[in-house]
Amino acid sequence: MLQSKSFAKKTKQGRVIKVVREHYLRDDIYCGATFCKVCDTSAARLSASASATILIVDTNVVLNQIDLLENPKIDDVVVLSVVLEEVRHKNLSVYNRVKALCTNPLRKFFVFSNEHHRDTYVKDMIGESPNDRNDRAIRVAARWYQSHLGESTQILLITNDRENKKRATEEGISAETVESYVKSLGKPDLLDLVVLSSSVDVPMEDVEDLRPSKKKIIYSEHKPMSEVTSGLLHGIYHQGKLRVNRYNPFEAYVGSESISEEIVICGRANMNRAFHGDIVAVELLPQDQWRDGKSLIIDDDDDDEEEVHLVPNSADDVPRFENPVQPMSGSSPPVSSHPPGRVVGIIKRNWHSYCGSLDPMPMPAGNAGVAHALFASKDRRIPKIRIQTRQLGNLLDKRIIVAVDSWDCLSRYPSGHYVRTIGQIGDRDTESEVLLIENDINSRPFSSQVLACLPPLPWSLSLEDLANSNREDLRHLRVFSVDPPGCKDIDDALHCKPLGNGNFEVGVHIADVTNFVLPGTPLDEEASQRGTSVYLVERRIDMLPKSLTEDICSLRSDVERLSFSVIWELTPDANIVSTRYTKSAIKSCAALSYVEAQARMDDSRLMDPLTTDLRNLNSLAKIMRLRRIKRGALTLASPEVKFQIDTETHDPLDIGMYQIREANQMIEEFMLAANISVAEKILKHFPLCSLLRRHPSPTKEMLEPLLRTAAAVGLDLDVSSSKALADSLDRAVGDDPYFNKLIRILATRCMTQAIYFSSGDLSPSEFSHYGLAAPIYTHFTSPIRRYADVIVHRLLAAALGISRLPPIFMDGPQLTSIADNLNYRHRNAQMASRASVELHTVIFFRNRPTDTEARILKIKSNGFIVFVPKFGIEGPVYLVAKDKGSSDWAVDEAHQKVTKAGTKITYGILQTVRIHMEVVEPQPNRPKLQLTLIS
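### Observations regarding the pairing of strand β34 (residues 897-900)
Right, so step 1: Examined bridge by bridge, strand β33 (residues 889-892) and β34 share four bridges and lie antiparallel to one another. Along β34, the bridge assignment pairs Trp889 with Lys900.
Right, so step 2: The pairing of β34 with strand β35 (residues 906-908) spans three bridges and is classified as antiparallel. Note on β35: the bridge partner recorded for Thr899 is Thr906.
Right, so step 3: Adjacent in sequence and paired antiparallel, β34 and β35 are bridged by five residues, among which Gly902 carries a positive phi angle near 75°.

### Some thoughts on the nonpolar core
Right, so step 1: Of all hydrophobic cores here, the largest spans 88 residues; its most connected members are Val506, Leu548, Trp568, Phe670 and Leu691.
Right, so step 2: Examining the composition of this core, we find that eleven residues originate from one element, helix α19 (residues 662-685), more than from any other.
Right, so step 3: Core analysis: the second largest hydrophobic core is formed by 63 residues, Ile54, Val140, Trp144 and Ile422 among them.

### So, helix α20 (residues 700-712)
Right, so step 1: Its 13 residues place the ends of α20 18 Å apart at the C-alpha level, agreeing with the 18 Å of an ideal helix rising 1.5 Å per residue.
Right, so step 2: Roughly 30° is the biggest bend found in α20, and it falls at Leu706.
Right, so step 3: Of all the residues in α20, the buried ones are Met702, Leu703, Pro705, Leu706, Arg708, Thr709 and Ala710.
Right, so step 4: The elements touched by buried residues of α20 are α21 (722-731) and α22 (739-749).

### Brief notes about the sheet that holds strand β12 (residues 341-348)
Right, so step 1: The sheet built from five strands is open, its strands ordered β10-β9-β8-β11-β12 with antiparallel pairing. Every interior strand has two partners, whereas the edge strands, β10 (261-266) and β12, have only one. Across this sheet, the average inter-strand angle for adjacent strands is 40°, counted without regard to direction.
Right, so step 2: Bridging between strand β11 (residues 279-284) and β12 involves six bridges; their strand directions are antiparallel. Across the sheet, the residue bridging to Glu283 is Arg342, located in β12.
Right, so step 3: Relative to β12, helix α9 (residues 225-233) is tilted by about 115°, and along the sheet it contacts β8 (238-244), β11 and β12.

### Regarding the packing of helix α3 (residues 81-90) against helix α4 (residues 92-103)
Right, so step 1: Where α3 meets α4, the axes come as close as 6 Å, and the angle between the chain directions of the two elements is 140°. Considered as vectors, α3 and α4 are oriented oblique to each other. Every residue of α4 that contacts α3 at Leu84, Val87, Arg88 and Lys90 is listed here: Leu92, Val94, Tyr95, Val98 and Lys99.

### Topic: the sheet that holds β35
Right, so step 1: As summarised here, the arrangement of the three strands in space is β33-β34-β35, forming an open sheet in which the pairing is antiparallel. One side of each edge strand has no neighbouring strand; the edge strands of this open sheet are β33 and β35. In this sheet, neighbouring strand axes are inclined to one another by 20° on average, regardless of whether the strands run parallel or antiparallel.

### Details of the pairing of strand β4 (residues 77-80)
Right, so step 1: Burial along β4 is two-sided: Val77 and Val79 facing one way and Val78 and Leu80 facing the other are all buried.
Right, so step 2: Pairing analysis gives two bridges linking strand β3 (residues 53-57) to β4, with the strands arranged parallel. Residue Ile56 lies in a different strand from β4, and its bridge partner there is Val78.
Right, so step 3: Note that β4 and strand β5 (residues 109-112) share four bridges and pair parallel.

### A closer look at the environment of Thr752
Right, so step 1: Tracing the backbone through its elements, the reader meets Thr752 in the loop between α22 and β29 (755-758).
Right, so step 2: Along the sequence, Thr752 and Pro696 sit 56 residues apart, while their C-alpha atoms lie 6.5 Å from each other.
Right, so step 3: Residues in contact with Thr752, not counting those within four places in the same chain, are His695, Pro696 and Met702.
Right, so step 4: There is a polar contact of 2.9 Å between the side chain of Thr752 and the backbone oxygen of Pro696.

### A closer look at the pattern of salt bridges
Right, so step 1: Considering all chains together, one arrives at 53 salt bridges under this definition.
Right, so step 2: Between Asp189 and Lys73 there is a salt bridge, and its shortest N-O distance comes to 2.7 Å. Linking Asp189 in helix α8 (residues 188-191) with Lys73 in the loop between α2 (66-69) and β4, this pair joins segments that are 116 residues apart in sequence.
Right, so step 3: By relative accessible area, Lys73 is classed as partly exposed at 43%.
Right, so step 4: Among the charged side chains, a salt-bridge network with shared partners connects Asp489, Asp491, Arg540, Asp542, Lys546, Glu550 and Arg785.

### Concerning the environment of Arg693
Right, so step 1: Counting through the fold element by element, Arg693 comes out in strand β28 (residues 691-694).
Right, so step 2: Judged by relative accessible area, which is 6%, Arg693 ranks as buried.
Right, so step 3: Through-space distance from the C-alpha of Arg693 to that of Tyr756 is 4.4 Å; in sequence the pair is 63 residues apart.
Right, so step 4: Dropping the residues within four chain positions of it, Arg693 is found in contact with Ala754, Ile755, Tyr756, Phe757, Phe767, His769, Tyr777, Thr778, His779 and His826.

Cut-offs used in this document
Residues numbered from 1 in each chain as written. Predicted model: local features only at pLDDT ≥ 70, side-chain atom pairs only at ≥ 80, totals over all residues. Heavy atoms only, no water. Pairing = 2+ DSSP bridges. Helix = DSSP H or I, 4+ residues; strand = E, 2+ residues; numbered from the N terminus. Core = buried A, V, L, I, M, F, W, Y, C linked by side-chain atoms within 4.5 Å. Buried < 20%, exposed > 50% of the residue type's maximum accessible area, 1.4 Å probe, protein only. Expected span 1.5 Å × (residues − 1). Bend = angle between axes of the 7 residues up to and from the residue. Contact = heavy atoms within 4.5 Å. Axes fitted to C-alpha atoms, helices over the stretch in contact; angles between N-to-C directions. Parallel < 35°, antiparallel > 145°, perpendicular 65-115°, else oblique. Polar contact = N/O pair within 3.5 Å; in protein donor to acceptor, adjacent residues only side chain to side chain. Salt bridge = Lys/Arg side-chain N within 4 Å of Asp/Glu carboxyl O.

Listed below in structure tokens is the structure:
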């Protein structure tokens, strides 16, 4: 049956045209019920019982109650195609979640194509809104299901729309609200998952802190979107993403392109119910309010005092500038050069689920009714969230997940609902899962659709692979890999062959992941979303399934593997004579660890061919490294911590600083060279759609903390260019052998984050990589671990004429979106890795109180931040007890010292102090590592 659908469309030129499309209706679209006597049940997903209750949900139920729908106790749900399409347009995240439900073989969710069924399709009515038309389509589908399956099966329409429910009842359709349906199930725990309407509010006195010092906060109404749009157009308001200071949740920053400046938002009132990550409209405050706050260390369990302000830890975290340290007593507060503002409207919300725990509170009388509680996220940037629960006794002292529902302007806290329990606070497995959820790391097993894309095991090189004219057979070369000990996902290898003219042929061979990860497949989509592998202390969360990462693609020794190779001819002075790129087949002769490779190079008795290759490569790498540093490349430092883990309990047995050897630097040098060569090749062929990696130069404000510290210890650093800074860092030596490393660590903290971008989004002058002193750079050498490299492999293959460029590369906005996701995933992976180190540090020191030396990195008015070289640990040392109202200590900003009033007791930047390290529990089941000053 054929229908015509017409709709209006606006062209790029602004003209409105009428579009008419043919719409085919069928009568062979099946209902999805296993017990149906009419339909084909081969693909049925609903209940096998004719007496079951089948739910039909409307769009708002799916959008607002997705946490409830994901609960295994909710099943036999029909999701209509009209609902699914509307959800897709309104919230892509929820759409992906409901699609996952509908494809999960363990869940009874079924998508019914009501828009293409002859009996359930509805024509548009004159004067009917799209929303009313969709509601009518849902009622028509519910009525058809009841007629189709018979009276023995109950069809229940679930909707919170009063008008839709009323009309359904008038039409003889059984309809319930979400809350009434869940109550009928007799499962009180499910009621905690129900999102209440924003009009349903709990009395503030049930959850508010009634201490006299705490006043009820009332927020300004958000401006209507029409006023926000007009204000943005006329420059009254400024749009940007709100970034809450990780170290002080009462300070946030909005980078606004309209004024090319960062706007400071101080205090919850000025944030006006905006969350970290929200796109907001901001109004600037009068200039006489441009004041900075105090520079203090804030402890994790400090009260939420609005007047507290904290200097961030590094330029890698917000803001992109640092507030000056607290001046000595008697001086007036400094005036910030950055404009303050307040949020007047929310353009796009960034609400999602959060991990944390409930604030300690007494159990209500009876322990059976609804209790109101405050939830505190582990992410301190998130405000406390009030929830109501019927299972308070089961949730106290647990890590739980809570989702935000609404935030009324008369409510101090946002309202939310309990989603699920993760585990006991303090338990290692629980805390490991928390840090993954906190950083939005997908650790779920790969789906059957993804696994279906993989070749069967055992996999081996085929004659067809070798016969491919685009693939060169390099199995005769002496190829080997050098990686961290125990590495199984080996994605790079090298060879070095002396040539008759005195030059060397050097090849970097990278696992040919794109031979197995094809564009547009479920495997490719999954890798694209995950973005990167995540390395925790005790485990690795892969971007790709293990059969690829550890077997099929891994360049293991003594097995034939497919690779993508960059091969140079180099002179003995490491000058590049020629470069070629080819897909290849290799057979690695050895998979060495860094320690093993270093031992071979250092052992003068060894003269075998493999050791000779290593020494030749190392000689070339040293020349390349020196040349790169002379160009201005920075040699920075970061405290990398290494744990020895018990293979059975996964508890840390030992902790120390990670040691960098020449072998590490040798591999790094050739990987950098390969990345630069590939960047040049792909940009030449695809100037508008190449994926590159840039490292913006730090601003003067960002470098100010480094300059201030250097001046305090008598150093004069030149930061006019990366080369000038590199030369200054080389000259920064002192009596302390660790002095130079500390300066480099501080310099690292002042750097911006390197980011991926599409070459069509920026001008060539913005492509450069500051840290590497390279005009162009990309990532090519780790496709097993990074999706960015997968994209670059496809670009290089297309540049060589090996394959066609996938259509997505012609879509500029989509490429930008991919780059944004890669940056987001890379950043989250870094944060998860750091959180894992912090967790295992607490576990290690739990029963090992230790005295050791530390170096002062930052001076505050109530203490200082120290770095412990022996363990690679950083943390606060308090000079003033938290419960003490005033401080006897004064900060000398010019000389970076803190002095106790009336005494000669002084502590200065980079000074060595002795500290005691011990795990304490300021709150039950909430251990933390405490650093205390000894001398």
